[in-house]
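# Structural features, examined
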Amino acid sequence: MSPEVIFDPFTNLYSKATRLVKSSEIRDLMSITGRHDIISFAGGLPYIDGLPKDELASVMESVLQNSHTTALQYGSTEGLVGLKSHLADLMSEEGLDADTDYILITSGSQQALDLLSRVFIDPGDSVVVEGPTYVGALSAFRPNNPEFITVPLDENGIQTNLLRQALESSGGKKPKFIYVVPNFHNPAGVTMSMDRRLDLIEIAHEYDLLIIEDNPYGLLRFEGKPLPTLASIDRDKVIYVGTLSKIVSPGIRVGWVLAPSPIIEKLAKLKQSADLCSSNLSQTFAEEYLQRGLFKKNIPHIREIYRVRRDAMLSSLEENFPEGASWAKPGGGLFIWANLPSYLDTAKMLPLAIEKKVAFVPGGAFYHDGSGRNNMRLNFSFPSPEEIYIGIEKLGTVIRKEMELYRSLGISG
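Here is a short report on the structure shown in this document. Model, not experiment: these values are computed from the prediction.

Here is what the cut-offs are and how they apply
Residues numbered from 1 in each chain as written. Predicted model: local features only at pLDDT ≥ 70, side-chain atom pairs only at ≥ 80, totals over all residues. Heavy atoms only, no water. Helix = DSSP H or I, 4+ residues; strand = E, 2+ residues; numbered from the N terminus. Buried < 20%, exposed > 50% of the residue type's maximum accessible area, 1.4 Å probe, protein only. Contact = heavy atoms within 4.5 Å. Areas by Shrake-Rupley, 256 points an atom, 1.4 Å probe, with all protein chains shown as cover. Lys, Arg positive; Asp, Glu negative; His and termini not counted. Charge placed at Lys NZ, Arg CZ, Asp CG, Glu CD. Pairing = 2+ DSSP bridges. Phe/Tyr/Trp six-rings, centres within 6.5 Å; stacked < 30°, edge-to-face > 60°. Arc of directions from axis to C-beta. Axes fitted to C-alpha atoms, helices over the stretch in contact; angles between N-to-C directions. Core = buried A, V, L, I, M, F, W, Y, C linked by side-chain atoms within 4.5 Å. Salt bridge = Lys/Arg side-chain N within 4 Å of Asp/Glu carboxyl O.

With that settled, consider the overall build of the protein chain. What the protein chain contains, in helices and strands, is 15 helices and 14 strands. Principal-axis analysis of the C-alpha atoms gives the protein chain an extent of 65 × 55 × 55 Å. Evaluated residue by residue, the protein chain yields a buried proportion of 55% over its 413 residues. Considering only residue pairs separated by 6 or more positions, the protein chain has 76% of its internal contacts joining residues 24 or more positions apart. In the form shown here, the protein chain has an accessible surface area of approximately 18200 Å², with 51% of it arising from carbon and sulfur atoms. Here the protein chain contributes 41 positively and 51 negatively charged side chains, and the mean placements of these two sets differ by 3 Å.

Take a look at the structure:
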């Protein structure tokens, strides 16, 4: 974990926004889970060794040999036109017809969320998030001090009936936007149903709201029929955020925003003040990778690796987790969200798990108010099937011992 700060002589100089920033529990865990003796289910790490090294080397060699004057130079804030064209093709894989004029390249999707937060949120504004929601979104939104309206998820995604109730009881205060992860949700693993998608779009029109659709995992589908992106259903009300981190590599830091022209213009102005432009080296690498068709060649292989690991985790959970625990079967993505008996606190269990050389993310990280204490997020994309079986068995032992302790104290429900 991060070292404790005993005294900070600069406290009085920090802005209010800085004081609102919290360290991500996932990032804090990385210093521990990066150890080779730890089986980590904590990070949302893709399995990079699933990509062929010779192809990656060939792409980078071509970039430096043939495109070095572009790759090593400053670029436009909006991003390279050639890359945006390939990203438009990528979005068409999920039925989204995108014009490159409405695409802004960002340094990963996290920068996209940060810029969107700065464009839309003033202190005291309200924003709608799912419960649970992506911890990186909370980190991006929190410095602007919004009021979070949390709407619970179920196996079909955000519960739009409860969203309507929340909006009707808001006293006329309109949220700036609704943030959702419709496909293979991080952390919950669920996918928003078609009925919920249509209802969410209807609510956006009824209340004149924007939707931010974060879609890192849509192309990591293992089974089932693809559902249309929200942006493909309605381009006026939906801001689409994409990334190559999970389907190519997080190391290249290539994300993007697809949004109406006035929003793209505002985002670009803020991006100029943040980094002038995203890395041209990363962009030319991504462009070359996509242009060669390597994404279409390699993604089926990656999907199969992740499907096998998901199945290994589901099997091991069934075998090793105690009665009273539950989880959904994700049809894709990287995560399983485990629900434990309500009296358990997974944050208190984490040190016990780390003693046994296994790590996860406690559920409280995915709620702005620390709810979800009896939940844990488990990543299955990075550890091998063998590591998954060993690690889940160890976690099951930790959970059972904690349950026995509570039972000895007369607490069991």
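Taken across its five residues, strand β9 (residues 254-258) has five buried, putting it largely inside the fold. Across the two faces of β9 the burial is the same, with V254, W256 and L258 and G255 and V257 all buried. Direction of pairing for strand β2 (residues 103-107) relative to β9: antiparallel, over a ladder of five bridges. Among the inter-strand pairings, L104 is bridged to a residue of β9, identified as V257. As paired elements, strand β8 (residues 238-243) and β9 share four bridges and run antiparallel to each other.

Inspection of the secondary structure puts F10 in the segment before α1 (16-20). Expressed as a C-alpha distance, the spacing of F10 and Q159, which sit 149 residues apart in the sequence, is 44 Å.

On to the packing of aromatic side chains. Summed over all chains, the structure comprises nine aromatic pairs. Measuring from ring centre to ring centre gives 6.0 Å for Y217 and F335, while their planes differ by 90°; the resulting arrangement is edge-to-face. Here Y217, found in the loop between β7 (210-214) and α10 (230-233), pairs with F335, found in strand β11 (residues 335-339); they are 118 residues apart in sequence, far enough to count as distant. A centroid spacing of 5.4 Å and a plane angle of 55° characterise the contact between Y343 and Y406, whose relative ring orientation is tilted.

This next bit is on helix α8 (residues 160-168). Turning to α8, its buried residues are T160, L163, R164 and L167. Along the axis of α8, the buried positions cluster into a sector of 100°, meaning they face one direction only. Packing partners of the buried residues in α8 comprise β3 (126-131), β4 (147-154), β5 (157-158), β6 (177-180) and α9 (194-206).

Let's shift gears to the sheet that holds β4. Strands sit in the order β2-β9-β8-β7-β6-β3-β4-β5 across an open sheet of eight strands; the sheet is mixed. Edge strands, defined here as strands with exactly one partner in the open sheet, are β2 and β5. Examined bridge by bridge, β3 and β6 share two bridges and lie parallel to one another. Across the sheet, V129 pairs through a bridge with Y179, a residue of β6. Relative to the sheet, α9 contacts β4, β5, β6, β7 and β8, its axis offset from that of β7 by approximately 145°. Helix α11 (residues 261-275) contacts β2, β7, β8 and β9 of the sheet and is inclined by roughly 25° relative to β2.

Our focus in this paragraph is the environment of P143. Relative to the helices and strands, P143 is located in the loop between α7 (135-141) and β4. Leaving out residues up to four positions away in the same chain, P143 has contacts with A17, L20 and V21.

Next up on the list: the nonpolar core. The biggest cluster of nonpolar side chains holds 126 residues, and the ones touching the most others in it are Y179, L244, F321, M376, L378 and L395. Broken down by element, the residue count for this core peaks at ten residues, all from helix α13 (residues 294-320). Setting aside anything within four residues of it in sequence, one finds L378 in contact with F41, M313, L317, L334, F335, I336, A338, F360, I392 and L395.

Here we take up unusual backbone geometry. P132 follows G131 through a cis peptide bond whose omega is 5°. Position of P132 among the secondary structure elements: in the loop between β3 and α7. The phi dihedral of F184 falls on the positive side, at around 50°, and the residue is not glycine. Phi at K357 is positive, roughly 70°, even though this residue is not glycine. Counting through the fold element by element, K357 comes out in the loop between α14 (346-355) and β12 (358-359).

For the coordinates displayed, the defined rule picks out 20 salt bridges. D275 is paired through a salt bridge with K271; the nearest N and O atoms lie 3.0 Å apart. Placement of both D275 and K271 in helix α11 is noted, with a separation of four residues, approximately one turn of the helix. Given the relative accessible area of 0%, K271 is considered buried. The salt bridge involving E304 is made with R307; its shortest N-O contact spans 2.5 Å. Here E304 and its partner R307 are both found in helix α13, three residues apart, which amounts to about one turn of the helix. When its relative accessible area of 25% is taken as the criterion, R307 is described as partly exposed.

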